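# An overview of the molecular structure
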Protein chains: 2
Amino acid sequence: MSKKHVFYFGSGNADGNATTAMKNLLGGKGANLAEMTHLGIPVPPGFTISTEVCTHYYLQKEYPQGLEKQVMEALHKIEAAMNKKFGDPENPLLLSVRSGARVSMPGMMDTVLNLGLNDKAVQGLIKQTNDSRFAFDSYRRFVTMYGDVVLGLKPESEEEIDPFEEILEAKKRAYGVKYDTELPAEALQELVNKFKELIKEKTGEPFPEEPIEQLWGAIGAVFGSWDNERAKVYRKLNYIPDDWGTAVNIQTMVFGNMGEASATGVLFSRNAATGEKKLYGEYLINAQGEDVVAGVRTPKEIENLKNNELIGHCYEDLMKIADKLDLHYRDMQDMEFTIQKGKLWMLQTRTGKRTGFAAFRIAYELAIKENLITKEEALLRVDPNQLNQLLRPIFNIEEKNKAVQEKRLLTKGLNAGPGAATGRVVFTAADAEKYKEKGEEVILVRHETSPEDIKGMEASIGILTARGGTTSHAALVGRQMGKVCVVGAGEIRIDYKKRQFEVNGNIIKEGDWISLDGTTGEVIEGVIETSPSEVVDVAINKTLSPEESETYQIYSTFMKWADEYRHLEIWANADLPNQAVNAVAFEAEGIGLCRTEHMFFNGSRIDAMREMILAENTTDRRKALEKLLPMQKADFIGLYKIMNGLSVTIRTLDPPLHEFLPHDEAEQKDLAEKLSMPFEKIHTRIDSLRESNPMLGYRGCRLGISYPEITEMQVRAILEAACEVKKEGIEVKPEIMIPLVGHINELKMQEEIVLTVAKEVFEKYGFDVDYKVGTMIEVPRAAITADKIAEVAEFFSFGTNDLTQTTLGISRDDAGQFLPIYVEKKILPEDPFQTLDQTGVGKLMEWAVEKGRSTRPDLKIGICGEHGGDPKTVEFCHRINLDYVSCSPFRIPIARLAAAQAVLKEKQIQSPPSHTSSAVTVAQTA
Amino acid sequence: MSKKHVFYFGSGNADGNATTAMKNLLGGKGANLAEMTHLGIPVPPGFTISTEVCTHYYLQKEYPQGLEKQVMEALHKIEAAMNKKFGDPENPLLLSVRSGARVSMPGMMDTVLNLGLNDKAVQGLIKQTNDSRFAFDSYRRFVTMYGDVVLGLKPESEEEIDPFEEILEAKKRAYGVKYDTELPAEALQELVNKFKELIKEKTGEPFPEEPIEQLWGAIGAVFGSWDNERAKVYRKLNYIPDDWGTAVNIQTMVFGNMGEASATGVLFSRNAATGEKKLYGEYLINAQGEDVVAGVRTPKEIENLKNNELIGHCYEDLMKIADKLDLHYRDMQDMEFTIQKGKLWMLQTRTGKRTGFAAFRIAYELAIKENLITKEEALLRVDPNQLNQLLRPIFNIEEKNKAVQEKRLLTKGLNAGPGAATGRVVFTAADAEKYKEKGEEVILVRHETSPEDIKGMEASIGILTARGGTTSHAALVGRQMGKVCVVGAGEIRIDYKKRQFEVNGNIIKEGDWISLDGTTGEVIEGVIETSPSEVVDVAINKTLSPEESETYQIYSTFMKWADEYRHLEIWANADLPNQAVNAVAFEAEGIGLCRTEHMFFNGSRIDAMREMILAENTTDRRKALEKLLPMQKADFIGLYKIMNGLSVTIRTLDPPLHEFLPHDEAEQKDLAEKLSMPFEKIHTRIDSLRESNPMLGYRGCRLGISYPEITEMQVRAILEAACEVKKEGIEVKPEIMIPLVGHINELKMQEEIVLTVAKEVFEKYGFDVDYKVGTMIEVPRAAITADKIAEVAEFFSFGTNDLTQTTLGISRDDAGQFLPIYVEKKILPEDPFQTLDQTGVGKLMEWAVEKGRSTRPDLKIGICGEHGGDPKTVEFCHRINLDYVSCSPFRIPIARLAAAQAVLKEKQIQSPPSHTSSAVTVAQTA
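Residues numbered from 1 in each chain as written. Chains lettered and ligands numbered in written order. Predicted model: local features only at pLDDT ≥ 70, side-chain atom pairs only at ≥ 80, totals over all residues. Heavy atoms only, no water.

## Points about the interface of chain B and chain A
Using the following cut-off: Two residues form a contact once any of their heavy atoms are found within 4.5 Å. By convention, the term buried area covers the 1.4 Å-probe accessible surface removed from two parts as they join, with the contributions of both added. For this analysis, a salt bridge means a side-chain nitrogen from Lys or Arg found within 4 Å of a carboxyl oxygen belonging to Asp or Glu. Think of a polar contact as two N or O atoms within 3.5 Å of one another; within protein, one of them needs to be a possible hydrogen donor and the other a possible acceptor, and neighboring residues in sequence only count if both atoms come from side chains. Counting from the N terminus, the helices are the DSSP runs of H or I reaching at least four residues and the strands are the DSSP runs of E reaching at least two. Side-chain classes follow a simple rule in which Ala, Val, Leu, Ile, Met, Phe, Trp, Tyr, Cys and Pro form the nonpolar group, Asp, Glu, Lys and Arg form the charged group, and the remainder, Gly included, forms the polar group.
Tallying the contact residues gives 51 residues for chain B and 51 residues for chain A. Here chain B and chain A share an interface that buries about 4,600 Å² over both sides, 56% of which is from carbon and sulfur atoms. Our count for the chain B to chain A interface comes out at 2 salt bridges. Where B:Arg781 meets A:Asp837, a salt bridge forms, and the shortest distance between an N and an O atom there is 2.7 Å. For the interface between chain B and chain A, the tally reads 26 residue pairs in polar contact (both at pLDDT 80 or more). Among the elements of the structure, helix H25 (679-688), helix H26 (701-706), helix H28 (744-765), helix H29 (780-784), helix H31 (800-808), helix H32 (819-824) and helix H33 (841-855) of chain B are those that each provide at least two residues to the side of chain B that touches chain A. When its residues are assigned to classes, the side of chain B that touches chain A shows 21 nonpolar, 16 polar and 14 charged.

Next up, the structure:
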């Protein structure tokens with residue numbers, strides 16, 4: 001006996017169902033049609049050819065054995081169920097042939113409708129419907145579709161003219177009408193003949209009159225469409241494996257366009273935008289499904305169908321079915337229906353797409369109010385990234401759509417900092433501050449940002465850069481500040497002198513309004529109204545109380561649930577006290593990365609810093625460092641107090657020194673005056689610090705090794721601050737992190753300084769403070785020699801930004817020129833700066849964890865690269881047994897949720913439930 | 001019974017010998033003293049305290065059990081042998097106490113002479129010698145040394161005044177004399193007393209009169225001196241492990257300063273400069289060893305001792321002993337002797353230091369003429385790097401020394417390209433060409449070089465840069481061209497406008513003469529005469545025939561021997577036909593790296609290249625590429641013909657495109673005119689190609705993926721050239737190498753292009769050519785995923801320059817600022833760009849070899865980074881089973897030798913000879 005390839009459904013019985021295994025085999029559509037049939041819901045009878053046949057077809061270039069026989073048997077079952085005959089001149093059975101993959105790929109593959117019509121069967125259809133116009137309209141549609149899809153006459157590009165369209169237009173001209181619907185039956189019949197002639201002419205073969213031949217042609221075409229260009233691109237963009245294949249669903253045609261007692265429409269069991277549990281739908285009387293989608297006629301809201309007497313109790317049935325399916329699948333359903341001459345048919349049901357808001361609300365209500373799903377299920381129902389919609393300001397969606405329609409979309413960059421911002425354009429950090437002082441909201445536009453711009457970034461509500469990737473300075477710092485951020489918008493041409501930028505022919509000047517969508521990367525001209533995040537209002541701004549915001553309640557419930565499950569601790573990257581406040585608001589369990597250098601850009605600090613860098617000997621350098629010491633100390637005291645006993649990981653100086661120095665001559669002259677040094681000397685020194693590849697240059701612990709006095713000052717500030725805070729009775733846990741270590745000796749030399757200073761400080765205060773010394777793992781050599789490095793390091797923190805740059809040999813600042821091509825051409829599955837490259841960088845991390853813990857079993861290991869807030873990476877970090885992930889404050893909730901999901905997913909793998917879809921449980925007991 | 005810590009030697013019997021194990025235990029000096037004793041050579045009796053005691057002493061802070069007893073026993077044996085008594089007022093035994101590590105650390109550790117003297121024993125010495133002046137001179141020297149070394153009164157820095165010195169000077173003033181030797185016995189006696197008072201005052205303790213106390217004090221001081229600053233620094237610089245420890249040699253004092261029948265001197269069994277087998281030595285009558293070294297009196301050549309009747313047959317004995325030791329050790333010996341009142345004593349023998357010339361000649365003669373060592377031994381006796389002395393022009397050594405004495409040494413940079421060059425300074429590539437045309441020899445001085453300078457570099461005989469490391473562009477390209485090259489000379493300040501550079505107060509202008517020593521990195525003002533390499537004359541210039549040059553014969557014999565043993569193939573990096581000619585002259589077995597981009601800098605080629613880069617669409621780019629095609633093809637034909645059937649590995653375009661574009665405005669304007677493009681457009685485009693980290697930027701296969709048409713053109717040139725050559729009946733083996741692959745998909749996409757073009761080309765010519773497609777492994781991700789990459793790659797070539805940069809996160813161009821500090825502070829044992837970092841980068845290589853061959857067992861693997869010519873790296877490459885190393889042509893002989901040594905060393909480890917020192921065999925049969 002050959003394998004089962006064909007799965008029948010109809011009249012309350014189905015071979016398939018909606019278990020995961022069956023979904024993989026039958027595709028989503030086929031599995032759900034079978035499931036609905038089981039539930040006693042009226043579904044036009046049909047059958048599904050499995051995805052395995054597709055895979056077989058692509059591998060072997062032929063159909064598997066026994067397929068033909070099974071198809072014929074299933075076809076006869078349909079004929080029996082419908083009491084019609086395929087190709088019958090009296091009462092013909094018409095079929096639809098549709099694709100249906102494991103996950104929905106809307107519109108990507110081909111469909112053939114009204115199959116089974118020929119010159120004889122069309123007569124049968126006329127007899128059945130008593131409507132020759134309808135019959136010929138169906139026939140001409142079928143021939144067109146068949147010609148396009150099966151016989152390959154569809155033009156390859158949109159510029160070419162569809163030959164069928166050409167004939168149709170000529171016919172309309174001939175009849176002097178504007179719409180297809182105005183053509184009489186005879187005209188449509190003439191069209192059928194013309195179309196057939198065209199087919200004969202183009203293909204050299206007559207149009208196949210034999211329905212079975214038509215059927216096999218359509219099946220082949222649908223399987224073939226799995227590999228068309230559109231489908232391939234879509235799969236690429238959505239990470240759908242090529243070898244999944246599609247199923248083919250062959251189903252009895254039902255018609256919503258058989259007069260006023262017929263209709264077609266869509267229905268949602270809950271509101272897709274808000275998540276509210278209220279049916280929502282639209283329909284058109286006397287129409288086909290495509291008409292609803294096409295938007296030629298405006299559909300009506302479903303409630304209007306209620307009192308339509310022509311359709312009997314179809315409306316009530318529909319409501320009952322929608323509720324039944326929502327309850328059965330325990331999730332919002334997106335359904336398609338057709339009413340044919342007063343009889344309701346369900347054509348499709350699937351889990352509906354929804355906004356982030358809706359996703360959280362639906363899962364929350366299903367779990368809390370309706371008691372239909374467990375909190376574990378609720379946690380797995382939501383996408384952590386969608387939390388951004390609850391945490392960030394968002395645009396009024398109608399206004400935004402309007403703006404796009406008005407062609408105000410200027411360009412698209414990389415979506416580096418989510419949220420929505422509307423503000424006036426400025427081009428310098430100084431201008432940002434000036435505008436801000438006047439109470440204006442500004443968007444800072446730069447080629448790229450540098451540490452010098454920090455204060456201006458802080459003053460802006462959004463940042464737009466022309467260069468750089470998603471972990472460029474602008475992205476990194478902007479995200480950490482919670483700014484809306486679009487980077488690498490390569491099409492904009494900034495002219496700093498004229499204070500304007502040009503993009504695709506538009507000129508935007510300083511002071512003009514633009515809007516940034518940091519979630520999509522869109523840059524839009526003009527103002528778009530934004531709404532703030534209620535969660536942020538409650539958690540940080542405290543303008544609302546928790547009780548006043550339902551959104552906050554949903555958010556906090558999810559966070560509570562997530563915290564119950566997750567193993568990973570979630571820490572925050574926070575450089576300044578105000579960032580630590582946000583971290584605490586989002587319940588960070590420590591600070592995993594405090595970049596001390598960001599403290600050096602305020603007021604007189606930068607002067608002292610510059611003095612230090614330009615010092616010509618150790619004495620002068622120490623003098624400048626002494627000025628910095630109290631400032632750093634004060635910052636650390638602030639951080640410690642806010643974190644109140646949680647770990648605070650402080651990284652010693654990391655960036656190349658030239659980042660702190662002015663690059664234009666005027667500023668250099670100012671500096672020369674300030675420091676009473678000859679300009680030439682300063683200029684030469686700054687010039688000598690210029691580097692070919694600063695990323696791989698004189699930075700990280702290399703600075704602290706050349707100038708031990710810098711590390712010394714920083715360690716002193718860290719530990720003295722700790723003593724001060726401890727003295728006040730507040731618990732404090734400093735962790736000193738040495739950056740860019742590649743060789744154990746580097747860490748050893750820096751550790752020696754820490755030990756010496758610690759001894760001095762503790763003697764001075766008369767008591768000790770517990771502290772740790774650890775290192776970033778951010779160059780491959782550190783990972784490779786992790787066993788050695790763990791001899792000294794008490795903790796590791798993966799700096800995955802730099803580790804990705806070095807492991808892949810890709811500069812994040814320069815990747816803009818080729819990385820998009822790489823992702824587009826599918827060379828890399830994802831931007832490795834957003835989602836960790838698990839095969840490459842991840843391998844080094846696994847190695848480092850294993851080797852590090854082989855030396856020091858209690859080694860604490862975390863990640864503080866930007867990947868720490870990426871859900872997939874969080875899951876990976878859980879899998880390789882890290883202790884914590886550290887991310888920018890606004891990503892903490894995302895990481896908390898992702899960490900919980902990681903545990904739950906692991907649980908599923910270890911003891912998989914018999915069916916992952918909740919639908920199944922009911923289906924099986926039904 | 002406690003372990004043996006003390007090894008006696010004297011009167012023909014010794015506990016130790018000169019096996020390797022014994023050398024490790026007794027140090028070189030002690031082992032050789034024992035060995036000489038065995039050979040019946042007169043050695044003053046003594047004993048050695050082993051290095052294990054030193055190690056024990058440092059770990060446990062005390063001496064091992066039983067040491068004291070063993071020392072006393074050995075002391076009594078000396079007393080018996082010499083018939084003297086330690087501290088005896090009649091016939092006192094005096095001792096020397098010296099350090100002696102496993103390898104010589106000349107002058108780094110402490111020595112105490114004349115030990116055993118006190119107020120009583122000095123009277124005995126007077127009785128013995130009948131010379132009270134001699135006795136008190138010995139005594140005052142002993143007290144000084146003891147005070148300095150044992151009691152720690154030696155001043156810490158050279159600026160401080162030695163308190164003993166101060167007293168001595170006062171005494172000389174008091175006696176109105178100039179030299180120590182003019183002081184009478186009474187003055188010396190007074191000095192002894194003064195010195196003792198000083199000791200009492202400074203240390204609070206009286207000078208120890210008890211000889212045994214003196215002895216233990218001296219032993220402790222010598223062990224202690226293992227860890228003094230000088231010794232630590234010396235070990236650092238010479239890679240001597242800290243835990244080896246030193247032995248202490250206690251030996252009967254003999255005196256060369258007991259009158260006219262006494263003498264002291266040094267002796268070499270062969271000439272250390274030329275290797276000639278002819279005794280060479282110097283001596284002083286009535287002097288101590290230190291006098292010979294100090295250079296106050298000018299020593300005489302040893303032949304003058306021949307007819308000195310006062311010393312009897314000492315001269316003849318000395319000659320015999322020298323021959324005996326040379327024969328016994330089967331190597332040139334460096335010996336010290338003392339004649340005390342007509343009796344000859346040998347104080348030391350060791351294998352002598354020698355020049356590269358001498359090393360090769362001695363090993364050659366020992367093996368070929370004297371038949372004393374095997375060719376395996378001969379191969380292991382030489383340092384491959386010393387081959388440079390045979391292959392490169394060298395300075396006349398006297399002239400160079402004179403220049404240094406005249407303070408003409410300007411500065412020191414990194415020794416990037418060995419050899420000696422004298423020429424006139426120029427500052428631009430264009431000037432280099434102009435001077436060259438006029439027949440001048442020039443040295444090109446630049447901040448750093450870029451591909452634009454290639455022609456100027458070719459025209460120069462030496463290159464000097466202010467920036468960059470040993471694998472910077474200048475170093476890499478200079479070395480490959482065989483130029484003398486000093487890079488990273490950070491002290492020079494170039495002023496291109498004034499056409500001069502300033503260094504340490506000297507101004508050198510265009511046209512001035514300077515000399516570069518590329519072997520040491522020295523930059524010297526003025527002309528120094530150079531001698532060309534005879535080997536190069538024979539092999540490349542062919543101005544000499546092989547028979548005319550003994551040096552060439554030695555060279556070629558070593559090469560023949562090396563080729564018999566080595567497993568690794570030695571390939572060459574050669575970009576242009578003239579480099580391939582050199583490669584063939586040095587017998588390269590293939591080309592492992594042809595950088596195609598270096599072909600683009602000649603004449604109109606660069607224009608076509610620039611046109612290609614600036615093209616705005618594929619059509620224009622293809623047009624420009626078509627101009628380049630015939631040029632590349634012609635180059636490849638040239639290479640193939642020269643290599644005549646050997647593999648030629650051609651890398652597709654690698655460097656960032658901006659390297660090909662002009663950076664100053666004038667040149668950009670020229671280019672705009674040439675290409676009839678608006679200047680603004682060109683300027684903007686060049687600006688847009690600017691990168692933050694070009695090393696990690698838009699280069700390597702990233703170019704070929706964005707612009708497949710570039711790869712296409714290059715592959716076409718490679719394969720069409722191959723067909724042309726094959727058509728002429730010449731064998732040809734092209735290997736196409738894709739650079740900077742990090743992900744298998746990159747290689748796949750490039751391979752697809754190769755396959756398509758190959759099909760077209762082979763169809764066009766009507767026949768196929770065997771070719772391979774492979775990749776560089778030069779980013780960590782490639783190594784980590786080598787199993788995947790080997791699915792497509794038919795060969796791997798480790799690009800260890802880039803792999804080192806990415807694995808360590810160090811840019812070779814920027815490393816100059818911190819790498820020297822790292823090497824100096826011993827953070828890294830060696831410059832990782834010169835000698836491969838085996839622990840870090842090497843681990844990735846091992847991994848890649850293992851994983852790559854797990855997928856494709858016959859995967860061919862080589863290395864084409866600069867490390868390919870470094871002997872230690874060659875040994876590593878042999879150990880991890882690479883198939884070949886590829887290096888610049890002038891390094892081929894070095895690599896051949898190193899590859900043979902790798903095999904021989906491995907053989908030694910697998911079946912170690914009972915003694916590695918040849919000395920032993922004889923010693924044991926003696």
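Once the structure has been displayed, the description carries forward.
## Digging into the environment of B:Met319
Residue and element names in this part refer to chain B. Topologically, Met-319 is positioned in helix H11 (residues 314-329). Once the C-alpha coordinates of Met-319 and Leu-859 are considered, the two residues, 540 residues apart in sequence, prove to be 59 Å apart. Filtering out sequence-adjacent residues up to four positions away, Met-319 remains in contact with Leu-267, Leu-279 and Ile-302.

## Description of the sheet that holds strand S21 (residues 493-495) of chain A
Residues and elements named next belong to chain A. Cut-off, in case you're wondering: A strand pair is defined by DSSP finding two or more bridges across the two strands. In this analysis an axis means a line fitted to C-alpha atoms, helices contributing only their contacting stretch, and an angle means the value between N-to-C directions, from 0 to 180 degrees.
Ordered by their spatial adjacency, 3 strands build an open sheet running S21-S22-S23, and the pairing between neighbours is antiparallel. Pairing within the sheet leaves two strands with one partner each, and these edge strands are S21 and strand S23 (506-509). The mean angle between the axes of side-by-side strands here comes to 20°, regardless of whether they run parallel or antiparallel. As judged from the 3 bridges shared by S21 and strand S22 (residues 500-503), these two strands associate in the antiparallel manner. When the sheet's bridge partners are listed, Ile-494 is paired in S22 with Phe-501.

## Focus: the sheet that holds strand S2 (residues 13-14) of chain B
All names here are of chain B. Pairing in this open sheet of 6 strands is antiparallel, and the strands run S2-S1-S3-S8-S6-S7 from one edge to the other. Each edge of the open sheet carries a strand with a single partner, namely S2 and strand S7 (111-115). Of the strand pairs in this sheet, strand S6 (residues 95-101) and S7 are connected by 3 bridges, and their pairing is antiparallel. Opposite Leu-95, over in S7, you have Leu-115 as the bridge partner. Most of the contacts of helix H3 (residues 67-82) go to strand S1 (residues 6-10), to which it runs at about 5°, and overall it touches S1, strand S3 (46-49), S6 and strand S8 (246-252). Sitting on the sheet, helix H8 (residues 211-225) touches S3, S6, S7 and S8, and the angle it makes with S8 is about 145°.

## Section: the relation of the copies chain B and chain A
Short version of the rule: All copies are superposed by least squares; the fitting set is the C-alpha atoms of residues with a pLDDT of at least 70 in both.
Its rotation angle being 180°, the transformation that places chain B on chain A also includes 0.1 Å of axial translation and leaves an RMSD of 0.3 Å. On this basis, the relationship between the two copies can be described by a two-fold rotation axis. When you check the interface residues of chain B against chain A, 100% turn up at the interface there too, and the contact is symmetric in its surfaces.

## What to know about the packing of aromatic side chains
Any aromatic ring pair is given by two values, namely how distant the centres are and how the planes are angled relative to each other. Rules: Centres within 6.5 Å make a pair out of two Phe, Tyr or Trp rings, where for Trp the six-membered ring is used; the pair is then stacked when the planes are under 30 degrees apart, edge-to-face when over 60, and tilted otherwise. For every residue, the accessible area obtained with a 1.4 Å probe (protein chains only) is divided by the maximum for its type, and the residue is called buried under 20%, exposed over 50%, and partly exposed between those limits.
In the structure shown here, the tally under the stated rule is 45 aromatic pairs over all chains. Where B:Tyr57 meets B:Tyr58, the ring centres are 5.6 Å apart and the plane angle is 85°; that geometry is what we call edge-to-face. Classification of B:Tyr57 by relative accessible area gives partly exposed; the value is 24%. A relative accessible area of 24% places B:Tyr58 in the partly exposed class. Geometrically, the ring pair formed by B:Phe360 and B:Phe558 is edge-to-face, given 5.0 Å between the ring centres and 80° between the ring planes. Of the two residues, B:Phe360 is situated in helix H12 (residues 356-368) and B:Phe558 in helix H20 (residues 550-565); the sequence distance between them amounts to 198 residues. We classify B:Phe360 as buried; its relative accessible area is 0%. Taking the relative accessible area as the measure of exposure, B:Phe558 reaches 0% and is therefore buried. Members of the aromatic cluster, connected to one another through ring pairs, are A:Tyr57, A:Tyr58, A:Tyr63, A:Trp216 and A:Phe223.

## A word on the pattern of salt bridges
Residues and elements named next belong to chain A. The final tally for this structure, using the stated rule, is 142 salt bridges over all chains. Ionic pairing is found between Asp-15 and Lys-4, a salt bridge with its closest N-O pair at 3.1 Å. Placement of Asp-15 in the loop between strand S2 (13-14) and helix H1 (20-38) and of Lys-4 in the segment before strand S1 (6-10) is noted, with a sequence separation of 11 residues between them. With its nearest N and O atoms 2.9 Å apart, the salt bridge here joins Asp-242 to Arg-235. Salt bridges linked by common partners bring Asp-137, Arg-140, Arg-141, Glu-169, Lys-172 and Asp-180 together as one network.

## Regarding the packing of helix H23 (residues 618-643) of chain A against helix H27 (residues 708-727) of chain A
All names here are of chain A. Our working rule: Crossing handedness follows the turn of the near helix against the far one: under a right angle anticlockwise gives a left-handed crossing, and clockwise gives a right-handed one.
Closest axis-to-axis distance for the H23/H27 pair is 8 Å, and the angle between their directions is 35°. The hand of the H23/H27 crossing is right-handed. The residue makeup of the contact of H23 with H27, split by class, is 13 nonpolar, 3 polar and 9 charged.

## Observations concerning the confidence of the model for chain A
Residues and elements named next belong to chain A. Convention followed: Summary of the metric used: pLDDT quantifies the predictor's per-residue confidence within the range 0 to 100.
Of the residues in chain A, 97% reach a pLDDT of 70 or more, and the chain-wide mean stands at 91. Within the model, pLDDT remains below 50 along residues 914-926, and this stretch shows 21 contacts once partners closer than five positions in the same chain are excluded. The complex model carries a pTM of 0.84, and its ipTM stands at 0.83.

## A closer look at the side chain of B:Asp88
Residue and element names in this part refer to chain B. Where we set the bar: Asp and Glu are treated as the negative residues and Lys and Arg as the positive ones, with His and the ends of the chain left uncounted.
Relative to the elements of secondary structure, Asp-88 occurs in the loop between strand S4 (85-86) and strand S5 (92-93). Notably, Asp-88 is buried but unbridged: the nearest opposite-charge side chain belongs to Lys-85, and the N-O separation is 6.2 Å. Of the polar contacts made by the side chain of Asp-88, one reaches the backbone nitrogen of Asn-91; its length is 2.7 Å. If we skip the residues at most four places from it in the chain, Asp-88 touches Ala-121 and Gly-124.

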